[in-house]
Amino acid sequence: MQLQADLALKSAIDTLTRVVQPALGADETIAAEQLEMVVGLLSVLHKRLPLLYRFQCEELERALGLGDALAALLDESLSAEERTGLDAARAKAARELGRAQTGPNRVQAATRVLRAMTAELVRTRYAAASAAERAALRQAVLDYSDDQLLRDRAWVAAQDWEATELPSVESLLFE
Amino acid sequence: MNPETSVMPLPSRADCAAAARALITAQGHSVHDLTSARWLAGSASHLHLAFDLDWTPVDAARRRTPMVLRLETPGLLTATQRARECQVLAAVRECLPVPRLYACDEAGAVLPRPGLIFALVPGVVPGDDVGAGFVDELAAGLARVHALPLQGDTGSALAALPPGTVAASQLLERWEQLRAAADCEAVPLLELAGAWLRAEMPHCRQPVLLHGDLHAGNCLVDSRDGHLSALLDWEMSFVGDHHFDLAGLSLPGWSEAKGRTAGLDPVRFCAAYAAAGGLPLDPVALRYYEVLVVWARCILLHAVSWRCALQSDSHAQARLAWMTGRSYPLMAQLSALLARA
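Here the structure is a predicted model, which is why all the values come from computation and not from measurement.

Observations regarding the sheet that holds strand S3 (residues 63-72) of chain B
Residues and elements named next belong to chain B.
So, step 1. Read across the open sheet, the five strands follow the order S1-S2-S3-S5-S4; overall the sheet is antiparallel. Here the strands that pair on one side only, and so sit at the sheet edges, are strand S1 (30-40) and strand S4 (101-105). With strand direction ignored, the average angle separating the axes of adjacent strands in the sheet is 20 degrees.
So, step 2. Pairing analysis gives 10 bridges linking strand S2 (residues 46-56) to S3, with the strands arranged antiparallel.

A look at the interface of chain A and chain B
So, step 1. Facing 44 residues of chain A, the contacting portion of chain B comprises 43 residues.
So, step 2. Elements supplying a minimum of two residues to the side of chain A that touches chain B: helix H1 (5-23), helix H2 (29-48), helix H5 (104-126) and helix H6 (131-155) of chain A.
So, step 3. In terms of residue count, H1 of chain A provides more of the side of chain A that touches chain B than any other element does, 12 residues in total.
So, step 4. Considering only residue class, the side of chain A that touches chain B consists of 20 nonpolar, 10 polar and 14 charged.

Things to note about the environment of Leu51 of chain A
Residue and element names in this part refer to chain A.
So, step 1. Take Leu51: it is sitting in the loop between H2 and helix H3 (52-73).
So, step 2. For Leu51, a count of 12 C-beta atoms within 10 Å corresponds to the exposed category.
So, step 3. Expressed as a C-alpha distance, the spacing of Leu51 and Asn105, which sit 54 residues apart in the sequence, is 9.2 Å.

Description of the domain arrangement of chain A
So, step 1. Parsing chain A into structural domains produces domain 1 (5-99) and domain 2 (104-173).
So, step 2. Computed from C-alpha atoms alone, the centre-to-centre distance between domain 1 of chain A and domain 2 of chain A is 32 Å.

Some thoughts on unusual backbone geometry
Residue and element names in this part refer to chain B.
So, step 1. A positive phi angle, close to 55 degrees, is found at Ser36, a residue other than glycine.
So, step 2. Within the fold, Ser36 resides in strand S1.
So, step 3. The exposure class assigned to Ser36 is exposed, which follows from the 10 C-beta atoms found within 10 Å.
So, step 4. The phi dihedral of Asp233 falls on the positive side, at around 55 degrees, and the residue is not glycine.
So, step 5. Mapped onto the fold, Asp233 is located in the loop between strand S8 (228-231) and strand S9 (238-240).

Definitions and limits used
Residues numbered from 1 in each chain as written. Chains lettered and ligands numbered in written order. Predicted model: local features only at pLDDT ≥ 70, side-chain atom pairs only at ≥ 80, totals over all residues. Pairing = 2+ DSSP bridges. Helix = DSSP H or I, 4+ residues; strand = E, 2+ residues; numbered from the N terminus. Axes fitted to C-alpha atoms, helices over the stretch in contact; angles between N-to-C directions. Contact = placed C-beta atoms within 7 Å. Nonpolar A, V, L, I, M, F, W, Y, C, P; charged D, E, K, R; others polar. Buried ≥ 20, exposed ≤ 12 C-beta atoms within 10 Å, placed from the backbone. Domains from an automatic or database assignment.

Written as structure tokens, this is what we have:
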């Protein structure tokens with residue numbers, strides 16, 4: 001997927017800086033000020049977005065540490081309800097941290113490697129393949145592509161490229 | 001306040017106007033005034049400044065002429081050579097209406113960047129109500145372009161190529177090189193299409209001069225009488241199979257507007273082309289080049305636009321980033337074409 005946050009943010013920042021900012025008249029002080037804020041906000045997001053997942057996981061780890069510490073510290077004074085609630089929250093946090101061993105960057109990297117390998121296999125095998133083998137290769141790639149493209153197209157549906165309606169990306173991702 | 005980028009600002013409108021004036025003057029013409037300088041939006045590959053020029057051309061009377069300065073965008077993978085474009089425009093001028101060229105600055109010696117100055121041609125992009133007259137004129141003009149004799153040294157825009165698969169091979173290689181240069185994520189569908197295109201290459205009996213980027217968005221209709229005002233953007237012109245141009249024009253939905261076909265019915269256009277004495281049409285070759293045209297457009301949007309949005313000094317980075325989304329419905333179109341092939 002090409003139209004990801006990194007591309008959108010960088011191109012937005014550069015365009016606002018290169019094209020929009022210089023075009024504002026000298027009298028447009030409010031617009032200029034707000035534009036500077038917008039560029040600043042986007043820049044912060046652009047710089048930090050790759051770390052967001054890691055930040056959130058670490059935040060949860062720390063919150064769990066505090067929960068564990070308070071559970072030990074206040075053990076004898078906790079009501080039954082407080083104990084149940086705190087235990088459930090700590091257990092949920094531990095479960096989520098256990099699931100969070102990977103992150104978006106790693107998932108993306110693994111996808112890229114696999115796509116590169118499969119694309120290369122298609123490229124190197126097709127030329128020497130028999131007619132039947134080519135047909136089978138073609139079907140495998142088209143089947144995969146049609147499924148993936150439906151999701152890619154649904155992802156950018158707000159850009160309004162399509163003449164017909166597509167399923168929502170939510171329904172496709174959580175079916 | 002932006003610490004994140006070190007972007008170069010655009011050349012200013014005033015600087016561009018002054019440079020345009022200087023370039024026209026350098027051709028030996030007398031410039032009295034340049035007014036109404038304004039940016040034209042809508043292009044990601046070039047920067048366009050329209051203006052009115054009050055001037056006295058060499059060997060002609062004083063006049064006021066609407067013109068357009070077109071400047072190259074630095075860092076684009078699809079940068080083309082203006083000298084070749086000038087050659088093509090000179091050659092096709094007798095075939096159909098094209099913008100008149102006034103000046104060329106190949107190296108950016110006078111202009112802030114390499115660029116050209118054209119006449120500003122009035123007209124609108126054809127809509128669904130485009131008339132038969134327009135279709136017939138465009139088809140006849142295209143037939144005449146395809147009939148132009150080719151000559152010139154290797155490297156000339158008009159150099160002939162031998163019959164066979166040389167032209168198609170060169171075209172495939174050019175687009176594969178562009179995709180490799182963009183160095184973006186691999187797409188198995190694009191690899192499959194490339195492999196199919198290599199395996200199914202048709203024999204071209206007679207490579208001809210092609211527009212190379214023919215679609216409704218590059219046509220202008222005179223809104224007063226519905227006739228062909230001009231065929232624009234000859235920078236992608238190359239020598240190859242005439243089916244490439246016909247495939248480009250007959251494929252729907254290349255323009256940004258949702259699913260717009262611009263009234264250029266493929267069956268009608270091919271019939272008009274044949275009636276105008278165009279080269280014979282082979283349905284198998286036409287289907288091949290439909291796949292090739294869509295594949296190339298996918299590469300342009302998915303790979304090239306992405307890379308240029310990330311790294312070029314374009315004025316239109318946001319547009320380039322936006323257009324990467326267009327690659328997905330196009331890839332769906334490519335998948336459908338391959339499934340039927």
